[in-house]
Amino acid sequence: AGGAVAARPEGGRPLASPAVRRRAWELGIDLQAVRGSGPAGRITHADLDACLSRET
Amino acid sequence: MATRKEQGAMAPMTMIQALRSAMDIMLGRDDDLVIFGQDVGYFGGVFRCTEGLQAKHGRHRVFDTPISEGGIVGAAVGMCAYGLRPVVEIQFADYFYPATDQIVSEAARLRYRTAGEFIAPLTIRMPCGGGIYGGQTHSQSPEALFIHVSGLRTVMPSNPYDAKGLLIASIENDDPVIFLEPKRLYNGPFDGHHDQPVVPWSKHPLGKVPTGYYTVPLESASVFRPGSDLTVLTYGTMVYVSEVAARESGVDAEIIDLRSLWPLDIDTILASVKKTGRCVILHEATLTGGFGGELTALVQEHCFYHLEAPIERIAGWDTPYPHAHEWAYFPSPARVARAFRKVMDE
Amino acid sequence: MATRKEQGAMAPMTMIQALRSAMDIMLGRDDDLVIFGQDVGYFGGVFRCTEGLQAKHGRHRVFDTPISEGGIVGAAVGMCAYGLRPVVEIQFADYFYPATDQIVSEAARLRYRTAGEFIAPLTIRMPCGGGIYGGQTHSQSPEALFIHVSGLRTVMPSNPYDAKGLLIASIENDDPVIFLEPKRLYNGPFDGHHDQPVVPWSKHPLGKVPTGYYTVPLESASVFRPGSDLTVLTYGTMVYVSEVAARESGVDAEIIDLRSLWPLDIDTILASVKKTGRCVILHEATLTGGFGGELTALVQEHCFYHLEAPIERIAGWDTPYPHAHEWAYFPSPARVARAFRKVMDE
Amino acid sequence: AGELRKPPLDTSFHDIQDMAFSLIRVLDDDGNAVGPWADPAIDPELLRRGLRAMIKTRIYDARMQIAQRQKKISFYMLSLGEEAIGTGQVLALEKGDMCFPSYRQQNLLIAQDVPLVDMMCQLFSNDRDRLKGRQLPVMYSMREYGFFSISGNLATQFVQAVGWAMASAIKGDTKIASAWIGDGATAAADFQTALTFAHVYQAPVILNVINNQWAISSFQGIAGGESTTFAARGVGSGIASLRVDGNDFLAVHAVSKWAAERARSNLGPTLIEWVSYRAGPHSTSDDPSKYRPSDDWARFPLGDPIERLKRHLINIGAWSDEEHQATQKKLEAEVIAAQKEAESYGTLATGQTSSVSTMFEDVYKDMPWHLRRQRQQLGV
Amino acid sequence: AGELRKPPLDTSFHDIQDMAFSLIRVLDDDGNAVGPWADPAIDPELLRRGLRAMIKTRIYDARMQIAQRQKKISFYMLSLGEEAIGTGQVLALEKGDMCFPSYRQQNLLIAQDVPLVDMMCQLFSNDRDRLKGRQLPVMYSMREYGFFSISGNLATQFVQAVGWAMASAIKGDTKIASAWIGDGATAAADFQTALTFAHVYQAPVILNVINNQWAISSFQGIAGGESTTFAARGVGSGIASLRVDGNDFLAVHAVSKWAAERARSNLGPTLIEWVSYRAGPHSTSDDPSKYRPSDDWARFPLGDPIERLKRHLINIGAWSDEEHQATQKKLEAEVIAAQKEAESYGTLATGQTSSVSTMFEDVYKDMPWHLRRQRQQLGV
Ligand SMILES: Cc1ncc(C[n+]2csc(CCOP(=O)(O)OP(=O)(O)O)c2C)c(N)n1
Ligand SMILES: Cc1ncc(C[n+]2csc(CCOP(=O)(O)OP(=O)(O)O)c2C)c(N)n1
Ligand SMILES: [Mg+2]
Ligand SMILES: [Mg+2]
Ligand SMILES: [Mg+2]
């Protein structure tokens, strides 16, 4: 993973906007497994995109 | 709502003229309509909204009252029990407080506590809002205090066309209506740029008003400016402030003018936020405990999974309205534009 | 806040006794304290909160007033200008309306408008809330109306210990304090199971109260029940309703008793919601425009990215308090439990 | 009794200022009607009707108080000792006039022979309660009997009555309003506001102040009645004001008639202070032994309104002890029968209330989305 | 002038009821002091002081009205025609007494020689405004001059004054309160509430009603003063009440002294109706030509208070036309100098206000987190 990505604190819950949460749920992505690239490790739509392209 | 013929020709009107026209027409249509308040009779109101109505309709229909807001509303409730339909004026919204008991415990509750045996179809007009160097007691926006009271309707127009149509609808409505008039809009669509010349209503499309009878239905919001970036929920003067903020920030804001604050048009709100995924709520009243809290709660409840960014509230600061610092207090176009950009950047 | 010695021994007290003890002690400590209201003097208050205080401290310190809430608060503001520290009682919160102008335009604004030259350190006690078959005018919870008024503090204890400590803190505080007393808790920790026998305070740990002087600081919430599933923001009677709802639903709710409603302890709230990711807001007052809206807005603003589910508000319905349907109106343990499960299922 | 003059209907408040500090009485200590306020032509049947209504009110009160102790109703307020006032006045009003009562004027209804079952169903908050269980017991509303909805917030009705009267005048109607308030509540803002509006607009209204000596625990002095009178408050506002023995049915009826005629003839408002005594507790939540001697009523100089009217009727040969007892029995049976019927529709204890879904109705004329949604959430 | 008696200090309201319907005057039409209210021993220097204060008030008012037209201040309210009332009363009060004024009692301050610059800085909302620009112009607050903060909401101060007086009595203090209200605002709830509380607690307070004939556009009749008086309202509440020529400085001073002594001796409250005339517009936002003849003041029977006191002083040889002119000049210069200094600290037009960050102060004693946060958001 890139050094620019802030790590989530140990044991912390994933941070994401409700819209990202919904999309993750619809795509079947477990947010726990996604690295967030936003402020404070927040998961963004781009992170979901990255996740998707990794999977496919 | 009204036939072409009833509506009559269009004419340029200020918001004051539009309100007056609404009352004039309703005095003509409904014999049970009476209008009263401090200085509203002979003089025609300190803002001139009732000018000429006493001369035209008579001293029994339009009259002055003692300086007792509690008496004005209390007497109006009694008149409702008789069968009249009073339209009363509180000279400034800041002065409704002595009438609180009559508004909350009486007008708002009468239908409920009598299971409809007695009703209180009165309309309480109050100029509200700041931007006129009126200081603490000529500037307040107390809408949140009414919205928390079940049984009341609260309405606030933002332009002459709506003002007239909503006032007629409020008068015809059988529930008690708090009709708040943003006094800074009486003479033109003020956008918060207080250092720029005032634009009169005659230069604005919404300053063209049918001279006859028509209504703007209650519980209907208007999409004042369509947009796709974010949704602005606002009303009154702040409609124009958010419009200029959209222009100046370059954010394509969809501005919803709520018009009826409560009960409100929830569908228009939810459809917009679901479309844009972002929401800014804007009012001049103080932030804490203001109507913005309720709107935030409704939006997050119904559109939670559509939200891309926290809902942002912009409001008057949590202080009394400070005379000299009016323009630091009043939510400025710049502050609103900043909020737009912040919400877009999240 | 107080030494061991000042606090004195512990004794079982009802909330009424705890409030009385607070006033008794403060009458002894502060010569400028005066207590008045309808029936509070000779008789000792319709809820007996001031029983014996006139006999002990004299008719100049504790006295009856005419039935004028506006007069009670107005005279108290004048006394503040002289230098006294009045503690006044409004017999039921439902009857504060005639005092609105004196509370909002005067008590709340005095320090600001005089830049501190005059202040209004008065405490306004009011029994609030329902569950006693009091009907529309002995059951209301009007806290939201005060919270929207800048300059006021609003406090609501949920147990005898806090009641005494918060009342002393409120009296000592130099700002005007609206002190709301959930009357359904006067004699025991009522949890909403109205068909079950009443538990007295003597059976509850928070019914043990120091007999002497101590304070519970304003602007501090208490974590009434720690938990990990979701955060409940509540106060007054609803603390016990949410406690029993947690037990009955099996949801491990972290219940925060706000105690000071405004200004409030934001840190405790945010820390909890960030921990649990879910939030339920619960109050007895009507939903629309209630304090729950403000709390929702604060939580979503500060914890947006932590939220795993929409914030859920449970509140009194948007109707006047209906006498016969009290238990359908009052947020029940079952309704709260349902909300807990709903928020967990999202 | 009998000393005080009867002023012309078009008197100015100014010319009768002294009458705010005296006491109009018609019945003397022997139960005879004397003086200019005594109406020699009064129909004894009206007096008998008044007596029956007062007796019925007292029975009704007593039984409803017991029903409250039995938890069949949640709350009750007696009018014990004050039965003459509303009774005497309502019999001087006309159909279509509107009373704006406080919570202690059940006699306004009973004297009009309102079906007791209707009243009781309100108390029992049952399925037949016209107010759908929404109001505390005793907070009746009966438009067809000229009885405006009672509010829990004191004094609000007083200025509403003036507004109603203004409306009647605006419409050129001859109906008048009658406003009711207690001594304690005269300290509330809306009392004085009502006086100001009544004076300024010369509203056709009777402004009744029942000075029953007590608010809850506080004596009328705390309301400002110590060294002056409540009638004087009217004078101060430029309103013709009288102070009357409220336990004297004949005085009540005569003065009410005078005031009603004044109002109906557009000669302006009249304020009447009715001096009486609240013989019972303030409400079933009250314990007067905590603040006044228990034999206070017995020592009240104006006596018991029922006893006094009874004596007068016997004096004029229009009543007898036997008839009194028979009437008492008959009315008791009537009240009991009504109670039985009312209870058959349910009581607070049985929980046979109006349907819960009605809770969301009548907040507005049409139910807005948010209330429809809340009703769904409650699942009713 | 001179006909009315001067009652003993411990008079009951009852014994002077008639005086609520008459008019106490000391100065006769020729400017001589006559009757029992005339104090032969009065120090002419006090009268000269009063005259100077009235002249100064009038000059101040005139200049500030102009400053408003020049947009240096946002709003102004003159006391033209009413200068005698506050001036005469404040000179009858003592240090430590507290006035609860309405917005038209600048003479209470000017008569105490408050530095005009202080007052003007409030009007100009500048950096030296003690109220930090928070209040509308004329809403002064000057505790050390016994001048309570003015509120925009009418009448609230009236009951506060009674509370202050109750506090003084509770503490065994001899300081008294003085409450101020206009004819129009007597219709507001807090006016009557103040009377009730003053009566019930026998508060040491002077209850001043300035009947200047007009509210804004409505004549005093709309406030209930048509067929009765405002003094009568006091009588109705059991308060000793007088009606006085408010344009007669000697009457104002004498009656104020009498009422102050009564209060200070714990003999109870006094209500005084001061009959006067609002010669100017209601405020700089008002245009009286819309609702009254422009020569109304000229026809007002009680004349101009300044002219009347001047004439009296000349009569007793304590003043002259020359001295009047010289005083006028001197005071004009003084006001102009003060204005110059005050303007040097800024005006509304120059925007030299208090720092914006002060906007968030004094909402509470200590600033809570939410206001600190808002201050940050504003970036000040
Ligand atoms: C605004 C308001 N304040 C207080 C109360 C509580 N309360 C109910 S009845 C009452 C006493 C009223 O006394 P009075 O007016 O003399 O009437 P009475 O009960 O003697 O008929 C009080 C204080 C209320 N209902 N409303
Ligand atoms: C509660 C309230 N209602 C209305 C107003 C608006 N208002 C300000 S001054 C005024 C007229 C007051 O007239 P009066 O009491 O006679 O005083 P005056 O101006 O003559 O000194 C009115 C209606 C107000 N300030 N407060
Ligand atoms: Mg309507
Ligand atoms: Mg009473
Ligand atoms: Mg005036």
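Placed above this text is the structure.
A few points on the structure. Note that the structure is predicted; figures quoted are calculated from it, not measured. Numbering of residues starts from 1 in every chain and runs along the sequence as written. Written order determines the labels here, with chains lettered from A and ligands numbered from 1. Local features are withheld for residues below a pLDDT of 70 in this predicted model, meaning they are given only at 70 or higher, and side-chain atom pairs are given and counted only at 80 or more; totals for whole chains, interfaces and linings count all residues. Where side-chain values are given, they derive from all heavy atoms of the structure, hydrogens and water being excluded.

Quick word on the overall build of chain B
- A run of DSSP states H or I qualifies as a helix once it reaches four residues; a run of E qualifies as a strand once it reaches two. Both are numbered from the N-terminal end. What chain B contains, in helices and strands, is 13 helices and 14 strands.
- What you see for chain B is a C-alpha radius of gyration of 19 Å, in line with the 20 Å of a compact globule of 346 residues.
- Taken over the C-alpha atoms alone, chain B extends approximately 60 × 45 × 45 Å along its principal axes.
- Here, two residues are considered to be in contact whenever any of their heavy atoms come within 4.5 Å of each other. Considering only residue pairs separated by 6 or more positions, chain B has 78% of its internal contacts joining residues 24 or more positions apart.
- The Shrake-Rupley method, run with a 1.4 Å probe, gives the accessible areas here. Residue values count only the displayed protein chains as cover. Of the roughly 8800 Å² that chain B leaves accessible, carbon and sulfur atoms contribute 50%.
- Separation of charge centres in chain B, based on 30 positive and 40 negative side chains, amounts to 5 Å. Radius of gyration: C-alpha atoms only; globule rule: 2.2 Å multiplied by the number of residues to the exponent 0.38. The convention is simple: Lys and Arg are positive, Asp and Glu are negative, and His and the chain ends are not counted. Working definition for charges: the position is that of NZ of Lys, CZ of Arg, CG of Asp or CD of Glu.

Focus: the coordination of the magnesium ion (ligand 5)
Residues and elements named next belong to chain E.
- Counted as donors are the N, O and S atoms within 2.8 Å of the metal, or 3.2 Å for Na, K and Ca, while water is not among the atoms, so some sites may look incomplete. For the magnesium ion (ligand 5), the full set of protein donor atoms is D183 (OD), N212 (OD1) and W214 (O), at a range of 2.0 Å.
- For the magnesium ion (ligand 5), the single-chain donor residues occur in sequence as D-x28-N-x1-W. Like W214, N212 is buried. Buried means the residue's accessible area, taken with a 1.4 Å probe over protein chains only, is under 20% of the maximum for its type, while exposed means over 50%, and partly exposed covers the values in between.

Here we look at the site of ligand 1
- Nearness here has a simple test: a residue counts as near a molecule or strand if at least one of its heavy atoms is within 4 Å of that partner. As a matter of local geometry, ligand 1 sits amid 19 residues, with E69 of chain C together with Y103, R104, D183 and N212 of chain D nearest to it.
- Surrounding ligand 1 is a set of residues that belongs to chains C and D.
- A distance of 2.8 Å separates an oxygen atom of ligand 1 from a polar atom in the side chain of N212 of chain D.
- As used in this structure description, the phrase polar contact means that two N or O atoms lie within 3.5 Å; if the pair is within protein, one of them must be able to donate a hydrogen and the other to accept it, and residues adjacent in sequence are counted only when both atoms belong to side chains. In this structure, H282 of chain D approaches ligand 1 through a side-chain N or O atom, which is 3.4 Å from an oxygen atom.
- Protein contact buries 96% of the 590 Å² of open area that ligand 1 shows by itself.
- Residue composition of the shell around ligand 1, by class: eight nonpolar, eight polar and three charged. Classes in brief: Ala, Val, Leu, Ile, Met, Phe, Trp, Tyr, Cys and Pro nonpolar; Asp, Glu, Lys and Arg charged; the others, Gly included, polar.

Examining the layout of surface pockets
- The volume enclosed by the second largest pocket comes to roughly 870 Å³.
- If you trace the second largest pocket, you find 33 residues lining it, with R59 of chain B, V200, Y201 and Q202 of chain D together with I222 of chain E closest to the centre.
- Looking at the lining of the second largest pocket, the elements that each hand over two or more residues are β3 (62-64) of chain B together with α5 (156-170) and α6 (189-201) of chain D.
- Partitioning the lining of the second largest pocket into residue classes produces 16 nonpolar, 13 polar and four charged. Using only the protein atoms, space was sampled on a 1 Å grid; points where a 1.4 Å probe fits but cannot get out form cavities, open sets with protein on both sides within 12 Å along at least five of seven lines form pockets, and lining residues are those with an atom within 4 Å of a point. Grid points are joined across faces, edges and corners, and a volume is the space filled by probe spheres set on the points.

Considering the environment of I314 of chain C
All names here are of chain C.
- Summarising the element assignment, I314 is placed in strand β14 (residues 312-316).
- With relative accessibility at 8%, the residue I314 sits in the buried group.
- As for I314 and L282, which are separated by 32 residues in sequence, their C-alpha atoms are 4.8 Å apart.
- Each residue touching I314, except ones within four places of it in the same chain, is listed here: V280, I281, L282, H283, P331, R335, V336 and A339.

A look at the coordination of the magnesium ion (ligand 4)
All names here are of chain D.
- The coordination sphere of the magnesium ion (ligand 4), as far as protein atoms go, consists of D183 (OD), N212 (OD1) and W214 (O), spread over 2.0 Å.
- The sequence pattern describing where the donors of the magnesium ion (ligand 4) fall on their chain is D-x28-N-x1-W. With a gap of 31 residues between them, D183 in the loop between β2 (177-182) and α6 and W214 in the loop between β3 (205-211) and α7 (231-236) connect regions that are remote in the sequence. One exposure class covers both D183 and W214, and it is buried.

What to know about the site of ligand 2
- The environment of ligand 2 is made up of 19 residues, and the closest members are E69 of chain B together with Y103, R104, D183 and N212 of chain E.
- In this structure ligand 2 sits where residues from chains B and E come together.
- Note that a nitrogen atom of ligand 2 is positioned 2.5 Å from one of the side-chain N or O atoms of E69 of chain B.
- One of the backbone N or O atoms of G152 of chain E is found 2.8 Å from a nitrogen atom in ligand 2.
- Bound to the protein, ligand 2 loses 96% of the 590 Å² it would expose on its own.

Details of the arrangement of the chains
- The two units chain A and chain D are non-contacting; their minimal C-alpha-C-alpha distance is 24 Å.
- Nowhere do chain A and chain E come into contact; their C-alpha atoms are at least 20 Å apart.

Describing the interface of chain B and chain D
- Contact with chain B, which involves 47 residues of that partner, is made by 45 residues of chain D.
- Defined here as a combined quantity, buried area equals the accessible surface (1.4 Å probe) lost by two parts on assembly, summed across both. In this assembly, chain B packs against chain D so that about 3800 Å² is buried in total across both faces, 60% of it on carbon and sulfur atoms.
- Ranking the residues of chain B by area buried against chain D places Y82, Y112 and R113 of chain B at the top, with a combined share of 21%.
- Salt bridges are identified by distance alone: a Lys or Arg side-chain nitrogen within 4 Å of an Asp or Glu carboxyl oxygen. The interface formed by chain B and chain D contains four salt bridges.
- The salt bridge partner of K365 of chain D is D174 of chain B, with a shortest N-O separation of 3.4 Å.
- Where chain B packs against chain D, one counts 29 residue pairs in polar contact (both at pLDDT 80 or more).
- Those elements giving two or more residues to the side of chain B that touches chain D turn out to be β3, α4 (69-82), α5 (100-107), α6 (110-113) and α11 (291-303) of chain B.
- When residues of the side of chain B that touches chain D are assigned to their parent elements, the largest contribution, 10 residues, is made by α4 of chain B.

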